[in-house]
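Descriptive analysis of the structure
Each chain is listed here by its residues.
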Amino acid sequence: MSDNILNVSRRGFLQGIVSTGALVLSVRLIPDLLWAAETSAGSHADHAVLHPSVYVGIDTDGTVYLVAHRSEMGTTSRTSVPLILADELDADWKRVKLEQAIGDPRYGDQDTDGSHSVRDGFVVMREAGATARLMLTRAAAQKWGVPVSECESDLHVIVHRASKRKAGYGELASAAAKLPVPKKEELQFKPKSAWRYMGKGAPSYDLAEICAGKAGYGMDARLEGMVYASVEHPPVLGGKVKSYDEKAPLQVKGVKQTIPIKPFTPPHRFQPLGGVAVIADNTWAAFQGRKKLNVAWDNGANAGYNSDQYKKELQETARKPGKVARNIGDVDAVFAQGGKIMEAEYYIPHLAHATMEPPVALADFRDGKVTIWAPTQSPQAVQSTVAEELGIPKENVICHVPLLGGGFGRKSKPDYAAEAAILSKAVGKPVKVVWSREDDIKFGYYHAVAAMYIKAALDEKGKPTAWLQRSVYPPIGSTFALNTTYGDAGELGLGWTDLPFDIPNHRAENGPAENHVRIGWFRSVANIYHAFAAQSFANELAHASGRDSVEYLLELIGPARIVDVKASAPEYDNYGASTKDYPLDTARMRRVVELAAEKSGWGKRTPGKGSGMGIAVHRSFLTYVATVVEVEVDDKGEVKIPSVHTAVDAGIVVNPEATRAQFEGAAVFGTSIVRSGSITAKNGVIEQSNFNDYPVARINEGPYKTTVHIVDSDAPPAGVGEPGVPPFAPAVCNAIFAATGKRIRELPLSSTANA
Amino acid sequence: MQIKVNGVERSYDGDPKLPLLWYLRDVLGLTGTKYGCGMALCGACTVHQDGKAILSCVTDVSQASGKEITTIEAISKNGLHPVQQKWIEFNVPQCGYCQPGQIMKAISLLKENPKPSDEDIEAGMAGNICRCGTYQRIRAAIKAAAGENA
Ligand code: FES
Ligand code: FES
């Protein structure tokens with residue numbers, strides 16, 4: 001990527017910028033971040049000779065600049081989305097230079113969340129690619145004086161087959177740039193058979209640099225003259241500083257000053273938590289200085305938050321009727337008839353993202369403008385949050401997006417970037433705010449703690465005639481609006497109101513719960529607890545009826561059909577996608593169940609003593625996933641996972657290798673949820689702090705081998721980053737039941753409830 | 001005090017208790033070595049001291065003085081180390097943040113044990129967390145690298 005430096009200096013138009021200001025410093029000190037060197041002067045793509053769209057520019061030397069407008073946090077979005085454009089443009093990927101977009105509304109939605117980067121990119125990127133290709137084709141036709149219909153692209157050149165003439169994209173760029181940009185209706189997309197990259201994929205653009213230790217993460221951003229900051233946050237949400245020792249931290253070598261940060265105005269949203277920052281000339285000194293702050297806190301209303309008590313309250317609420325989110329038939333009438341009734345309760349505690357790279361951001365405030373390097377899933381949210389905090393226009397917040405050392409939803413919330421901006425303004429220097437691991441674990445936007453209750457009436461064959469399900473959890477909406485206690489339609493649509501079981505009487509309810517910590521999106525979000533409850537309960541019914549788990553699950557799903565969820569859950573939003581393009585199709589759900597069963601050797605292998613297999617299926621982010629997990633449980637109850645088979649129908653898969661990696665990773669992520677994930681509070685203070693008391697799965701604990709089976713599909717692309725997570729925990733717990741006869745209704749396994 | 005990093009002898013007169021990790025990252029600007037926990041719990045900060053993997057977050061600069069420290073940036077003189085090449089071949093990284101530490105640990109492991117079994121790999125690599133969950137590819141890449149060493 002150092003090539004980009006040459007490109008920058010070669011360009012006269014950028015000379016002025018290069019010789020002054022922050023950009024120069026970034027060029028000198030963080031060459032690996034130069035792909036974020038776009039400034040208000042525009043991107044390389046903008047300044048290329050032919051640039052029919054903000055996402056692409058083609059220069060006379062044939063270089064194709066593609067703008068990655070989504071963040072790279074390990075899902076390969078930064079590569080896979082531009083790859084779609086490159087394919088439609090028929091460009092040679094080797095001649096593509098990626099540049100990372102700054103936050104800017106002209107790129108449309110830049111949020112890398114909700115597993116929708118490829119889904120969105122499949123439309124937007126193909127349009128951009130087809131536009132550029134058509135302009136190049138028209139330019140070639142004009143040059144040769146032949147009809148456009150006789151010309152076509154062939155890997156970075158346009159050819160006229162009849163006369164065997166060829167012209168490269170670079171050669172045609174200037175002429176193409178003079179042509180009008182075609183309208184959408186004029187575009188022709190390549191047929192699937194002509195795809196070069198989609199369906200085959202490409203390794204991460206940054207792979208070699210990552211392995212060389214040269215990739216630029218947010219944590220690695222440096223500017224000349226910068227100082228480091230570490231913030232002592234209120235231990236209880238909403239707490240305020242009463243007093244602190246300004247002098248003592250200065251005794252630590254390298255500490256320069258302390259700066260208070262004002263508490264947030266409720267609701268907290270993405271505002272910084274407040275507290276006291278210690279500024280130092282290295283990260284460690286800033287960490288040490290905090291130990292001498294001796295802050296006295298006014299803890300406020302959330303100091304009464306105790307997880308033990310709160311859990312009981314959630315469970316109580318789940319036993320009572322809630323708000324109806326979906327209704328089919330009349331469950332009460334069936335329950336009133338008596339017969340065989342089953343009921344069960346499930347529980348999952350708060351979870352922390354624990355991205356390997358904790359929250360961190362570098363900000364440089366000068367002359368009413370601030371430039372930020374933040375590993376963020378939402379550079380536009382950085383802009384709006386920082387603008388609000390500093391009282392400056394959004395346009396004066398330039399947010400560069402280096403690589404993220406993991407995101408999982410944590411880095412959708414830019415509180416840490418706002419801290420850096422506030423502190424840079426206060427100090428008058430570039431400031432890098434570094435969260436310690438302890439800060440990360442203690443001050444997260446946690447995955448909601450949830451209690452679920454399910455009740456079913458069974459006919460003589462063991463099939464449910466009525467099914468009632470209730471979930472209770474502090475909703476994500478509480479982060480944005482005070483007194484929000486019910487999940488919204490979006491949250492309930494994550495695997496609760498869209499459960500596609502073929503049951504004539506069905507009701508989904510949601511009960512109220514107050515938040516006492518910040519609640520946020522966490523890889524696959526509410527699907528985690530919804531799938532855990534529904535898929536565990538389905539398996540309980542299978543066993544209670546003496547049926548094979550796979551066979552029973554298929555019967556619950558019922559015949560192949562399109563489920564009209566809105567008919568029974570009017571507010572259902574289908575992940576923001578149209579039900580025409582992305583219907584809930586039980587044929588696809590059945591197929592992944594059958595595929596996972598077949599590939600895992602379900603029913604064909606006899607597991608040994610202490611071993612067992614479990615299955616779960618779940619649709620999330622418009623993708624259908626069935627997972628079969630095999631476990632070995634030893635005498636001490638220690639669980640090993642020798643194999644996982646996951647069948648995935650995500651529609652068209654642009655990058656299969658990266659997709660497989662996402663599902664392998666989801667199995668490990670899921671293992672952490674099952675084994676040990678638990679965040680608890682005592683008197684409002686989070687009790688965990690680092691990987692010792694918030695353990696995540698290690699190499700000897702994760703599945704030994706996860707095999708991912710991708711269903712070949714022509715359906716439009718759906719998500720792959722998150723959908724592997726939801727079915728994993730219930731599949732493990734169903735396997736543990738098969739192995740030991742012990743039913744796990746509460747996670748994690750390490751919880752005393754399972755002792 | 002004197003400290004040799006990536007073949008270059010340097011003198012340092014700051015806080016002797018500064019962990020090597022922050023000396024490398026904040027003082028020298030060698031950002032390939034990562035911070036993950038600061039408590040010897042995750043392995044992200046793994047570097048080599050006289051050719052053996054150590055955790056730089058719990059090693060004071062003064063303890064590293066007089067030793068030869070090598071970071072990911074200099075693990076291979078020319079091009080990529082065979083272990084790094086295997087990492088690329090097996091497409092190991094997701095976010096990649098833990099990978100410099102994983103690679104440094106794996107190189108050290110293979111040096112001590114050129115033909116590690118599955119158990120050896122698990123025991124050797126258990127100190128290195130990958131939150132993205134790339135473990136099975138790490139195992140495969142190490143095995144492949146071992147094959148080449150043989
Ligand atoms: S940062 Fe050193 S082991 Fe985690
Ligand atoms: S690749 Fe992301 S933590 Fe290992």
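The residue numbering used here restarts from 1 in each chain and proceeds along that chain's sequence as written. In the order they appear in the text, chains get letters beginning with A and ligands get numbers beginning with 1. Where local features are concerned, this predicted model is filtered to residues with pLDDT of at least 70; where side-chain atom pairs are given and counted, the filter is 80 or more; whole-chain, interface and lining totals use all residues. The side-chain numbers reported here are obtained from all heavy atoms of the structure, hydrogens and water having been left aside.

1. Description of the domain arrangement of chain A
Residues and elements named next belong to chain A. Domain limits in this description derive from either an automatic procedure or a database domain assignment. Split into domains, chain A comes out as domain 1 (7-211), domain 2 (218-300 + 359-434) and domain 3 (307-351 + 445-754). The straight-line distance from the C-alpha centre of domain 1 to that of domain 3 is 40 Å. Contacts between the two partners involve 20 residues from domain 1 and, on the opposite side, 23 residues from domain 3. When two parts are put together, the accessible area they lose, computed with a 1.4 Å probe and summed over both, is reported as buried area. With both chains or domains summed, domain 1 and domain 3 bury close to 1400 Å², and 55% of this area falls on carbon and sulfur atoms. Among the residues domain 1 hides against domain 3, the three largest losses belong to S115, R119 and K192. Together they make up 41% of the total. Criterion for a salt bridge: a side-chain nitrogen of Lys or Arg within 4 Å of a carboxyl oxygen of Asp or Glu. When the shortest N-O distance is used, the salt bridge between K192 and D714 registers 2.5 Å. Polar contact is defined as a pair of N or O atoms within 3.5 Å, subject to the rule that within protein one atom must be able to donate a hydrogen and the other to accept it, and that residues adjacent in sequence are counted only when both atoms are side-chain atoms. The interface formed by domain 1 and domain 3 includes eleven residue pairs in polar contact (both at pLDDT 80 or more). Counting from the N terminus, the helices are the DSSP runs of H or I reaching at least four residues and the strands are the DSSP runs of E reaching at least two. At the level of secondary structure, the elements contributing two or more residues to the side of domain 1 that touches domain 3 comprise α5 (77-89) and α6 (117-144). Whether two residues are in contact is decided by their heavy atoms, any of which lying within 4.5 Å being enough.

2. Some details on the nonpolar core
The definition of a nonpolar core used throughout is a set of buried Ala, Val, Leu, Ile, Met, Phe, Trp, Tyr and Cys residues joined through side-chain atoms within 4.5 Å. Throughout this description, buried means an accessible area under 20% of the type-specific maximum (1.4 Å probe, protein chains only), exposed means over 50%, and partly exposed covers the range between. In terms of nonpolar packing, the biggest core is built from 181 residues, with V631 of chain A together with W87 of chain B touching the most fellow members. Looking at this core element by element, the count peaks at nine residues for helix α16 (residues 527-544) of chain A. Aside from chain neighbours lying at most four places away, what touches V631 of chain A is G610, S611, G612, V639, K640, I641, P642, V732, A735, I736 and A739 of chain A. In terms of nonpolar packing, the next biggest core, distinct from the first, is built from 47 residues, L66, A101, A128 and I158 of chain A among them.

3. Observations regarding the packing of α16 of chain A against helix α21 (residues 728-740) of chain A
Residues and elements named next belong to chain A. Fitted lines through C-alpha atoms serve as axes, helices being fitted only where they are in contact, and the angles separating the N-to-C directions of these axes extend from 0 to 180 degrees. Here α16 crosses α21 at 30°, and the two axes come no closer than 8 Å. Judged on the interaxial angle alone, α21 and α16 are roughly parallel. Between α16 and α21 the crossing geometry is right-handed. Seen from α16, the contacting residues are A531, F532, Q535, S536, N539 and H543; seen from α21, they are A729, P730, C733, N734 and F737. Side-chain classes are defined by residue name, with Ala, Val, Leu, Ile, Met, Phe, Trp, Tyr, Cys and Pro counting as nonpolar, Asp, Glu, Lys and Arg as charged, and the others, Gly among them, as polar. When the residues that make up the contact of α16 with α21 are grouped by side-chain class, the tally is six nonpolar, five polar and no charged. Note on terminology: angles under 35 degrees are roughly parallel, angles over 145 are roughly antiparallel, angles of 65 to 115 are roughly perpendicular, and the others are oblique. Rotating anticlockwise by less than a right angle from the far helix to the near helix defines a left-handed crossing, while the corresponding clockwise rotation defines a right-handed one.

4. Here we look at the domain arrangement of chain B
Residue and element names in this part refer to chain B. Segmenting chain B into domains produces domain 1 (2-74) and domain 2 (82-147). The straight-line distance from the C-alpha centre of domain 1 to that of domain 2 is 21 Å. Counting residues at the interface gives 16 residues for domain 1, matched by 14 residues for domain 2. At the boundary of domain 1 with domain 2, total buried surface from both sides reaches about 1200 Å², with 60% on carbon and sulfur atoms. Taken together, the connections running from domain 1 to domain 2 amount to seven residue pairs in polar contact (both at pLDDT 80 or more). Secondary-structure elements contributing two or more residues to the side of domain 1 that touches domain 2 are β3 (46-49) and β4 (52-55). Taken together, the residues that form the side of domain 1 that touches domain 2 break down as seven nonpolar, seven polar and two charged.

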